Amino acid sequence: MSDCIFCKIIAGEIPSATIYENDEFKVILDRFPSGEGHALILPKNHVANIFEIDPEQAGRAYTLAAKLARAMKEVLGFEHMNVLQNNGTVAGQTVFHFHIHLIPRREGDGINVTWTPTEPTDEQIAAVKAKLENLI
């Protein structure tokens with residue numbers, strides 16, 4: 001996609017700090033990181049989000065995420081990590097090319113990935129369960 005910044009990075013039109021690459025994915029350090037080691041896993045084919053990516057490719061992306069997370073933990077010496085993948089503007093997606101954030105975490109790092117929990121009734125939970133239990 002010609003106007004996608006991640007497609008331009010993948011094509012080499014925009015420089016990046018690439019930490020891993022294979023035929024299917026490019027992994028770069030985030031240019032505006034939350035902290036040291038914040039990386040992005042980018043599929044080389046343009047796909048906007050989780051709703052469009054092939055499920056098998058998504059699985060390979062998360063397999064890569066698990067491998068990278070272990071290696072990053074060993075090299076950078078952190079103990080915690082957020083693995084985030086946002087879909088749509090309301091969910092915080094700002095670049096509409098599927099990507100997975102690997103965010104190393106340290107005590108007191110100031111990163112805040114939280115929400116206010118709700119307290120649905122048992123009936124509300126049962127109603128949602130009934131809608132979703134036979135999806136696939």
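Before reading on, note that the structure itself is shown above.
Residues numbered from 1 in each chain as written. Predicted model: local features only at pLDDT ≥ 70, side-chain atom pairs only at ≥ 80, totals over all residues. Heavy atoms only, no water.

## Here we look at the pairing of strand β2 (residues 25-29)
Here is step 1 of the chain: Counting buried residues in β2 gives four out of five residues, a clear majority hidden from the surface.
Here is step 2 of the chain: The hairpin formed by strand β1 (residues 18-21) and β2 contains three residues between the paired strands.
Here is step 3 of the chain: One ladder, built from five bridges, connects β2 with strand β3 (residues 39-43); its direction is antiparallel. In the strand pairing of β3, Leu-29 is matched with Ala-39. (Buried < 20%, exposed > 50% of the residue type's maximum accessible area, 1.4 Å probe, protein only. Helix = DSSP H or I, 4+ residues; strand = E, 2+ residues; numbered from the N terminus. Pairing = 2+ DSSP bridges.)

## Digging into helix α2 (residues 55-76)
Think of an α-helix as turning once every 3.6 residues; residues three or four places apart then point the same way.
Here is step 1 of the chain: Spanning 22 residues, α2 covers 31 Å between terminal C-alpha atoms, matching the ideal 32 Å at 1.5 Å per step.
Here is step 2 of the chain: Within α2, the full set of buried residues consists of Gln-57, Ala-58, Ala-61, Leu-64, Ala-65, Leu-68, Ala-69 and Met-72. With its buried residues spanning 150° around the axis, α2 presents them on a single face. Among the exposed residues of α2, those pointing more than 90 degrees away from its buried face are Pro-55, Glu-56, Lys-67, Arg-70 and Glu-74.
Here is step 3 of the chain: If you follow the buried residues of α2, they end up packed against β1, β2, β3, β4 (80-84) and β5 (100-105).
Here is step 4 of the chain: Sitting at the amino-terminal end of α2 is Asp-54, which places a side-chain oxygen 3.0 Å from the backbone nitrogen of Glu-56.
Here is step 5 of the chain: Where α2 terminates, the next one or two residues include Gly-77, which has phi positive at roughly 75°. (Expected span 1.5 Å × (residues − 1). Arc of directions from axis to C-beta. Contact = heavy atoms within 4.5 Å. Polar contact = N/O pair within 3.5 Å; in protein donor to acceptor, adjacent residues only side chain to side chain.)

## Structural notes on the state of the cysteines
Here is step 1 of the chain: Across all of its chains, the model carries zero disulfides by this definition.
Here is step 2 of the chain: Here Cys-4 stays unpaired: no disulfide links it, and the sulfur of Cys-7, its closest cysteine neighbor, is 3.7 Å away.
Here is step 3 of the chain: Its relative accessible area of 13% is what places Cys-7 among the buried residues. (Disulfide = S-S within 2.5 Å.)

## Focus on the nonpolar core
Here is step 1 of the chain: Counting 16 residues, the largest nonpolar core has Ile-41, Leu-68 and Leu-102 as its most contacted members.
Here is step 2 of the chain: Of all the secondary structure elements, the ones that give two or more residues to this core are β2, β3, α2 and β5.
Here is step 3 of the chain: Residue contributions to this core peak at six residues, all from α2.
Here is step 4 of the chain: Not counting residues within four places of it along the chain, the set of residues in contact with Ile-41 comprises Phe-25, Lys-26, Val-27, Ala-61, Leu-64, Ala-65, Leu-68, Phe-98, His-99, Ile-100 and Leu-102. (Core = buried A, V, L, I, M, F, W, Y, C linked by side-chain atoms within 4.5 Å.)

## Some words on the side chain of Asn-49
Here is step 1 of the chain: The residue Asn-49 is located in the loop between β3 and α2 in this model.
Here is step 2 of the chain: Contacts of Asn-49, omitting those with residues within four sequence positions, involve Asn-87, Gln-93 and Phe-98.

## Some thoughts on the sheet that holds β4
Here is step 1 of the chain: Reading across from one edge, β1-β2-β3-β5-β4 is the order of the five strands in this open sheet, with antiparallel pairing throughout. A strand with exactly one partner marks an edge of an open sheet, and here the two such strands are β1 and β4. Mean inter-strand twist for the sheet, computed between neighbouring axes without regard to direction, equals 15°.
Here is step 2 of the chain: As paired elements, β3 and β5 share three bridges and run antiparallel to each other. Across the sheet, the residue bridging to Ala-39 is Leu-102, located in β5. (Axes fitted to C-alpha atoms, helices over the stretch in contact; angles between N-to-C directions.)

## Points about the pattern of salt bridges
Here is step 1 of the chain: A full pass over the atoms with the stated rule returns seven salt bridges.
Here is step 2 of the chain: Between Glu-24 and Arg-60 there is a salt bridge whose closest N-O contact spans 2.7 Å. Of this pair, Glu-24 sits in the loop between β1 and β2 while Arg-60 sits in helix α2, and the two are 36 residues apart along the sequence.
Here is step 3 of the chain: Taking relative accessible area as the criterion, Arg-60 reaches 39% and is therefore assigned partly exposed.
Here is step 4 of the chain: With its nearest N and O atoms 2.7 Å apart, the salt bridge here joins Asp-109 to Arg-105.
Here is step 5 of the chain: Owing to a relative accessible area of 17%, Arg-105 belongs among the buried residues under this scheme.
Here is step 6 of the chain: Each of Glu-21, Lys-26 and Lys-44 takes part in salt bridges that share partners, so that together they form one network. (Salt bridge = Lys/Arg side-chain N within 4 Å of Asp/Glu carboxyl O.)

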